[in-house]
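Breakdown of the fold
Spelled out, the chains give:
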Amino acid sequence: MKFDKESPRVRELLLTLKVFGKSKMAMISLGILLLFFAIAILAPWISPYDPTETHTSDLFMPPCPKYPLGTDHLGRDNLSRILYGARYSMFASLLVVAVTVIIGMPIGAVSGYFGGKLDEILMRITDVILSFPGITLALLLAYIMGRGIYSAALALSLVGWPSMARIVRGVVLSEKGKDYVIAARIIGKSDFQILFGEIMPNCMYPVIIQAVMMMGTVIISLAGLSFIGVGVQPPEPDWGVIIAEGRQYLLEYPWLSILPGILMITVVLAYNLVGDRLRDALDPRLRGELAAK
Amino acid sequence: MKKLDNIILSVEDLHVIFKTYLGTVHALNGVYLEVGKGESVGLVGETGCGKSTLGLSIVRLLDESAKIVRGKIVFNGESILEKSSEEMREIRRKYISLIFQDPTAALNPVHKIGDQIVEALQMSKGLKRAEALEEGAKILSMLGIPDSRKVMEQYPHELSGGMRQRIMIAIALSKNPLLLIADEPTSNLDVTIQAQILELISDLRKNTQMSLLLITHDMGIVAQVCEKVAVMYAGQVIEFGKVRDVFKNPLHPYTQGLLKVANLVGEKTRLESIPGTIPDLRNLPPGCLFASRCPYSFDKCLRIRPSNIMLDGKRSVACWLVEDKVNKFGPG
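Residues numbered from 1 in each chain as written. Chains lettered and ligands numbered in written order. Predicted model: local features only at pLDDT ≥ 70, side-chain atom pairs only at ≥ 80, totals over all residues.

A closer look at the overall build of chain A
To be explicit about the condition: Counting from the N terminus, the helices are the DSSP runs of H or I reaching at least four residues and the strands are the DSSP runs of E reaching at least two. Here a residue counts as buried when 20 or more other C-beta atoms sit within 10 Å of its C-beta, as exposed when there are 12 or fewer, and as partly exposed otherwise, the C-beta atoms being derived from the backbone. A pair of residues counts as a contact when their C-beta atoms, built from backbone coordinates, are within 7 Å of each other.
Across its full length, chain A carries 12 helices and zero strands. Secondary structure elements of chain A, listed N to C terminal, follow the sequence α-α-α-α-α-α-α-α-α-α-α-α. Its C-alpha atoms give chain A principal-axis dimensions of about 80 × 50 × 30 Å. In chain A, which comprises 293 residues, the proportion classed as buried is 39%. Taking all contacts inside chain A whose residues are at least 6 apart in sequence as the whole, residues at least 24 apart take part in 69%.

Given below as structure tokens:
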């Protein structure tokens, strides 16, 4: 697709970016997220040690020149583990949200557009899933598929898509009554062409906002699953795993758990701040006001 | 009955209801209408009388809460209400076009003008993209749009209201329809643009021999553009005939009132209005729907609803006053 400055989508995007950029908080948050993604990608090159390598003579080392963040109860380098741990938090959450969008968007679109019985059935399914606690489903899946990041990610995707489907359904419902949809019918377009060619391009902003807002909760849930032992399995270095392992030594060596905890809070907060600002920047009424400020 | 092959559209005894949470709304209550080939018919009436509902019924694009209870719609010799949705799509794709009141809402904001016209041409004529671009540019310049190539590269929000309506007309005409339904095509435009658009529609109709059903609330527009007029009131066509005949000699008290309000001829004295309001469409009286506002209503009007009576094969009126006259003195 060529970049067309006159396209309303591109123009809106530029205005949105301008409004977004006016918030220092959001820009700092965005910077933090980019930094963590860079860390996640570069972990193998910037880590001083292998994250699972044990140094039996150096247990519970406090931060020192050899181990910048000290070592844990098996003498593993904390810095390396935390850097590698970013991979799980940053990428597994991205995967979960992507699956959520891929499943939830078409289901919500079809449900909202066709309505009737189909809508009824799909929405009752989402109701059932929404009333199902994610942790329980994850435990079940861990039991069936074996513990690991994949069953945890799958469980979160399965409980995550209904909220996306509901949002898309709502937007499609409000769009489908508009004249341009009737105009598309009158030139003889099929339902499929109308839904995906005409309506969906008008529904993208709420999807983007919801996806960004979801990232934070997914990171916490994934770490939570790792913490209780059904997500990432030790000795793999996930932040949730590191916190869980450090918990036993919390009084003597508090930095083991606290540092990954702080990092996680930082990332989640950054996602929420970016999401908040993005929502304001994409809101056509708020945007004008914010741009003028 | 006129010969069927001269008729492009006929609507008979059409009843449409809307199921709402406030009750069942009787939007159309036995509509009779006929549009001949190449003819232009104006459909007038006040807000909420069912004009747009009738327009959408013809192309079967009423929304889900609406239901066609009974009646018959025959388009080009085929019964519309018996068509499958696939056959209906075919009819819409090739033969009937619709223009809306608000061209801003009727154009998809995220697609370029050119793409929207090209798509319409591809749908109806199966042209290749390059051919459709060529053809689209031709149609736009025919509609008096300067620099049509440039316009096709623009997005709806970059154009003026009049320009957007021209684009809608271009899209509507791109399939060379047999019937064009224009639902208040100029209500959202200012007066000078309004005149241009109406002239455009008029000229095009004469040149292409398509039939036109022009929905409006403005008697002046009907006089300017149409050959025949159907006056609607509370979901019924209460008077139908040649514009000249109806305007010169309105038979139904409502038409008389409407013409007086419009004040097309003579000096303006003071703004007239028809007293009263339309009946509650959820709870219709058994008699004539206009009876409560009619200065001439009598006993029978309140008991029995009049249906359309043909006078001399050209005009029809739904009014007991006229029927009694017909009975006494014979038609005409």
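Let us keep going from here.
What about the pairing of strand 8 (residues 211-216) of chain B?
Residue and element names in this part refer to chain B. Note the cut-off: A pair of strands counts as paired when DSSP detects no fewer than two bridges linking them.
A large share of strand 8 lies buried, amounting to six of its six residues. The two faces of strand 8 match: S211, L213 and I215 on one face and L212, L214 and T216 on the other face are all buried. Alignment of strand 3 (residues 40-44) against strand 8, held across five bridges, turns out to be parallel. Pairing of G42 across the sheet is with L214, part of strand 8. Pairing geometry for strand 7 (residues 179-183) and strand 8, over five bridges, is parallel. Residue pairing across strands places I181 opposite L213, the latter belonging to strand 8.

A look at the sheet that holds strand 5 (residues 78-79) of chain B
Residue and element names in this part refer to chain B. Taken in spatial order, the four strands line up as 2-1-4-5 in an open sheet, and their pairing is antiparallel. Where the open sheet ends on each side, the last strands, each with one partner, are strand 2 (23-36) and strand 5. Relative to strand 4 (residues 66-75), strand 1 (residues 7-20) runs antiparallel, the two sharing eight bridges. Paired with V16 across the two strands is I68, which belongs to strand 4.

A word on the interface of chain B and chain A
Threshold: Gly falls in the polar group here, along with every residue not listed as nonpolar (Ala, Val, Leu, Ile, Met, Phe, Trp, Tyr, Cys, Pro) or charged (Asp, Glu, Lys, Arg).
Of the residues lining the interface, 24 residues belong to chain B; the matching set on chain A comes to 18 residues. The set of elements that each furnish at least two residues to the side of chain B that touches chain A consists of helix 2 (85-94), strand 6 (96-99), helix 3 (103-106) and helix 4 (113-125) of chain B. A total of four residues in the side of chain B that touches chain A trace back to one element, the largest contributor, which is helix 4 of chain B. Across the side of chain B that touches chain A, the residue classes tally to 13 nonpolar, five polar and six charged.

A look at the sheet that holds strand 12 (residues 315-317) of chain B
Residues and elements named next belong to chain B. Rules: Note on geometry: axes are C-alpha line fits, over the in-contact stretch for helices, and angles between N-to-C directions span 0 to 180 degrees.
The sheet built from eight strands is open, its strands ordered 6-7-8-3-9-10-12-11 with mixed pairing. One side of each edge strand has no neighbouring strand; the edge strands of this open sheet are strand 6 and strand 11 (309-311). Direction aside, neighbouring strands of the sheet carry axes that sit 20° apart on average. Along the sheet, helix 11 (residues 253-262) contacts strand 9 (228-233) and strand 10 (236-242); its crossing angle with strand 9, the most-contacted strand, is approximately 105°.

Observations regarding the packing of helix 4 of chain B against helix 7 (residues 161-173) of chain B
Two quantities define a packed helix pair, namely the angle between the axes and the distance from one axis to the other. All names here are of chain B. This is how it is decided: Roughly parallel covers angles under 35 degrees, roughly antiparallel covers those over 145, roughly perpendicular covers 65 to 115, and oblique covers all other angles. Definitions for this section: a left-handed crossing has its near helix turned counterclockwise from the far helix by less than a right angle. A right-handed crossing has that turn clockwise.
Viewed as axis vectors pointing N to C, helix 4 and helix 7 meet at an angle of 20°, and their least axial separation amounts to 8 Å. Relative to helix 7, the element helix 4 is oriented roughly parallel. In this structure, helix 4 crosses over helix 7, and the sense of that crossing is right-handed. Each of I113, Q116, I117 and A120 in helix 4 lies in contact with helix 7, whose residues at this interface are I167, A170 and I171. Among the residues making up the contact of helix 4 with helix 7, the classes are represented as six nonpolar, one polar and no charged.

Points about the UniProt feature "transmembrane region" (unreviewed entry) in chain A
Residue and element names in this part refer to chain A. To keep things clear, this is the line we draw: UniProt positions are given in the numbering used here, feature names are shortened, and annotations may be inferred rather than shown by experiment.
This chain's UniProt record puts "transmembrane region" (unreviewed entry) on residues 25-46, 88-114, 121-143, 207-233 and 253-274. Segment residues 121-143 splits into 87% helix and 0% strand. End C-alpha atoms: 29 Å apart. Within residues 207-233, the helical portion is 78% and the strand portion 0%, while the C-alpha atoms at the span's ends are 32 Å from each other.

Digging into the pairing of strand 10 of chain B
Residues and elements named next belong to chain B. Among the seven residues that make up strand 10, six are buried, leaving the element largely enclosed by the rest of the structure. Judged from the six bridges that link them, strand 9 and strand 10 form a sheet pairing that is antiparallel. Each bridged residue has a counterpart across the sheet, and for Y233 the counterpart in strand 10 is Q236. Following strand 9, the chain reverses through two residues before pairing antiparallel with strand 10; A234 in that reversal takes a positive phi of roughly 45°. Direction of pairing for strand 10 relative to strand 12: antiparallel, over a ladder of two bridges. Paired with F240 across the two strands is S316, which belongs to strand 12.

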